[in-house]
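# Close look at the chain arrangement
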Amino acid sequence: MIDLDNLRHNVALLAGRAPAAATMAVVKADGYGHGAVEVARAALEAGATWLGSCSLAEALALRGAGITAPTLAWLDPPGTDYAPGVEQDVDLSVASIRQLDEIADAARRAGRTARVHLKIDTGLSRNGCPPDVWPALVDKAAATPEVRVVAVWSHLACADEIGHPATDAQAERFDDAYRAAVAAGLDPMRHLANSAALLTRPDLHFDLVRPGIAVYGLNPVPEPFDLRPVMTFRSTVALTKRIAAGESVSYGLTWTAKADTTLALVPVGYADGVPRALSNRMRVLLAGARRPVVGRVCMDQVVVDCGDDPVAEGDEVVLFGTGAHGEPTAREWADTTGTIDYEIVTGMYRPRVARTYR
Ligand SMILES: *Cc1c(COP(=O)(O)O)cnc(C)c1O
C-alpha cells in the first residue's frame, strides 16, 4: 500500500526546508518502487515543481500519463534517440561532447531547441563530465544554437555522512564549473543537493533541490526529521496449522519447533521482494504482535511461528511499514541484510505485488 498522504507530507516538509529553491521529486526506477506516475502527481500537488528520471524512457512515460511538469532525464547510452524527448519538452542531462552532438542532432530533427543541463563530475566519478573536459563542453554548448543550457549540475558522493570533507571539496569544484560556464557566456541555474544535502546543507540548495529517498519517507541521515514512510508491504494468512514439538519448517528444515505451536503460512516470498537472506531473521506484525518468520524464505511463501496465540486464516500480515504500529520497517530489513532501505523499497517493484494507493 502506497500512502500518498504521507508522500505529500514529506514533499511539503522537504520543499519547506529549501524555500529559496525549486523542488524536483526524483521518481526514477518507477518512483523507487512506489509507482512513478502516482508519486509524480502527488508530489506536484504537494509543492514539487520538477520531476527527475534516470532514463528518457522513464520521462516519456510521465509525459504519456499527461504529466507536463518540467522533467529532467539524466542517463542513456550512446545511440539513444533524443528527438522524442526534445519534442515532449524533457530536459536532458549532458555529460560529454559526444552526447551534446547527439542531442543537437535530435533537436535539428525535432525542429526545436533542446533544453540541457550540463553535468560536471565533481568527484563521484560516475556520470558527469570530468573537469579537464569541462571547458570544451561549456564552450561547445554555448556555441550550439540547437541547445539551450538550462543548468549546471552535479551529484554528491557522501552527503549522507554529515560533515564529510568530500562534500565541501565537491562544492568547490562545482563552483569552479559554474564560473567556467558563466565565463563561456552561459547563464545557467545550479543544482546539486540530493535528499541528504537538502536536509543538512542549506548552503548547497542553489536553485533546485533533487530529493529522492526522503520523498518516500526514508531518512538518509542520522539526524531525525518528521519523514513518514510511504510504502507498507502487507499480505494475508493463507493457512494455519498446529505442528508438534520436534517438527521442522520449510526447505532444508532449518528451524525446529521446541514446543507444539501454531504456524501461519503467508503467501509472499523472494519473488515478491522478501529477501531470502531474511530466512530465520525477520519478524512480521500479525494479530497484534511481532512474530518470527521461521525456516527459509521460499519463492512464494514464508511461515510465521505464532505459538499458542489465536491467529486465523485471513488475518492481515504486515511485513514492513512505517513502524508506527509496531511493524518492522524497510530500514530494519536493510540493516539485517547489509544493504540500504533504497534497495528494499525499490526491489518491491514486482508484477505479482499489487500496489494500492491511499
Ligand atoms: C537518485 C538521485 C537523486 C536522489 O537521491 P536521494 O539520495 O534518493 O535523495 C538525486 N540526483 C541524482 C542524480 C540521482 O541519481
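Residues numbered from 1 in each chain as written. Predicted model: local features only at pLDDT ≥ 70, side-chain atom pairs only at ≥ 80, totals over all residues. Heavy atoms only, no water.

Under the annotation held in an unreviewed UniProt entry, the chain carries the name Alanine racemase and is attributed to Saccharothrix mutabilis subsp. mutabilis. Under Function (unreviewed entry), UniProt gives the following word-for-word description of the chain: "Catalyzes the interconversion of L-alanine and D-alanine. May also act on other amino acids." The UniProt entry for the chain carries this comment under Sequence similarities (unreviewed entry): "Belongs to the alanine racemase family." (UniProt positions renumbered as here; feature names shortened; annotations may be inferred.)

### As for the overall build of the chain
Broken down by element type, the chain carries eleven helices and 17 strands. Dimensions of the chain, computed from C-alpha atoms along their principal axes, come out at roughly 80 × 40 × 35 Å. The buried share among the 358 residues of the chain stands at 52%. Excluding contacts between residues fewer than 6 apart, the proportion of contacts in the chain whose partners are at least 24 apart in sequence is 65%. Within the structure as shown, the chain displays about 15,100 Å² of accessible surface, and the carbon and sulfur contribution to it stands at 51%. (Helix = DSSP H or I, 4+ residues; strand = E, 2+ residues; numbered from the N terminus. Buried < 20%, exposed > 50% of the residue type's maximum accessible area, 1.4 Å probe, protein only. Contact = heavy atoms within 4.5 Å. Areas by Shrake-Rupley, 256 points an atom, 1.4 Å probe, with all protein chains shown as cover.)

### So, the side chain of Asp 305
Among the structural elements, Asp 305 can be located in strand β16 (residues 302–305). Despite its burial, Asp 305 pairs with no opposite charge; the closest candidate is Arg 242, at 7.5 Å N-O. Side chain to side chain, Asp 305 and Thr 261 meet in a polar contact 2.5 Å long. Contacts of Asp 305, omitting those with residues within four sequence positions, involve Trp 255, Thr 261, Thr 262, Leu 263, Arg 291, Pro 292 and Val 294. (Lys, Arg positive; Asp, Glu negative; His and termini not counted. Salt bridge = Lys/Arg side-chain N within 4 Å of Asp/Glu carboxyl O. Polar contact = N/O pair within 3.5 Å; in protein donor to acceptor, adjacent residues only side chain to side chain.)

### With respect to the domain arrangement of the chain
For the chain, the domain assignment lists domain 1 (4–216) and domain 2 (233–346). Relative to domain 2, the C-alpha centre of domain 1 lies at a distance of 40 Å. Residue-level contacts link six residues of domain 1 with five residues of domain 2. For the pair domain 1 and domain 2, the two sides together bury roughly 430 Å², of which 72% comes from carbon and sulfur. (Domains from an automatic or database assignment. Buried area = accessible area lost by both parts, 1.4 Å probe.)

### A few points about unusual backbone geometry
Positive phi, close to 50°, is recorded for Asp 30, a residue that is not glycine. Relative to the helices and strands, Asp 30 resides in helix α2 (residues 28–32). The residue Phe 206 is not glycine, and still its phi comes out positive at about 50°. Residue Phe 206 is classed as partly exposed on the basis of its relative accessible area of 25%.

### A word on the packing of helix α1 (residues 4–17) against helix α3 (residues 36–45)
At their nearest, the axes of α1 and α3 sit 8 Å apart, and the two run at 50° to each other. In terms of their interaxial angle, α1 and α3 are classed as oblique. The element α1 and its partner α3 pack so that their crossing is right-handed. Between α1 and α3, the residues in contact are Leu 4, Leu 7, Arg 8 and Val 11 and Glu 38, Val 39, Ala 42, Ala 43 and Glu 45, respectively. (Axes fitted to C-alpha atoms, helices over the stretch in contact; angles between N-to-C directions. Parallel < 35°, antiparallel > 145°, perpendicular 65-115°, else oblique. Left-handed = near helix turned anticlockwise from the far one by under 90°.)

### Description of the site of the ligand
Lys 28, Tyr 32, Ser 195, Ile 213 and Tyr 342 are the nearest of the 14 residues found near the ligand. Gly 212 places a main-chain nitrogen or oxygen 2.9 Å from an oxygen atom of the ligand. In isolation the ligand offers 380 Å² of accessible surface; the protein chains occlude 94% of this area. Classifying every residue of the shell around the ligand gives seven nonpolar, four polar and three charged. (Near = heavy atom within 4 Å. Nonpolar A, V, L, I, M, F, W, Y, C, P; charged D, E, K, R; others polar.)

### Overview of the UniProt feature "binding site: substrate" (unreviewed entry) in the chain
The residues that UniProt annotates with the feature "binding site: substrate" (unreviewed entry) are Arg 126 and Met 299. For this annotated set, covering 174 residues, the C-alpha atoms extend up to 34.3 Å from each other, a dispersed arrangement in space. One can find Arg 126 in the loop between β5 (114–119) and α7 (134–142). The residues touching Arg 126, leaving out its near neighbours within four places in the chain, are Asp 121 and His 155. Turning to its location among the elements, Met 299 is positioned in the loop between β15 (289–294) and β16. Residue Met 299 is classed as partly exposed on the basis of its relative accessible area, which comes to 43%.

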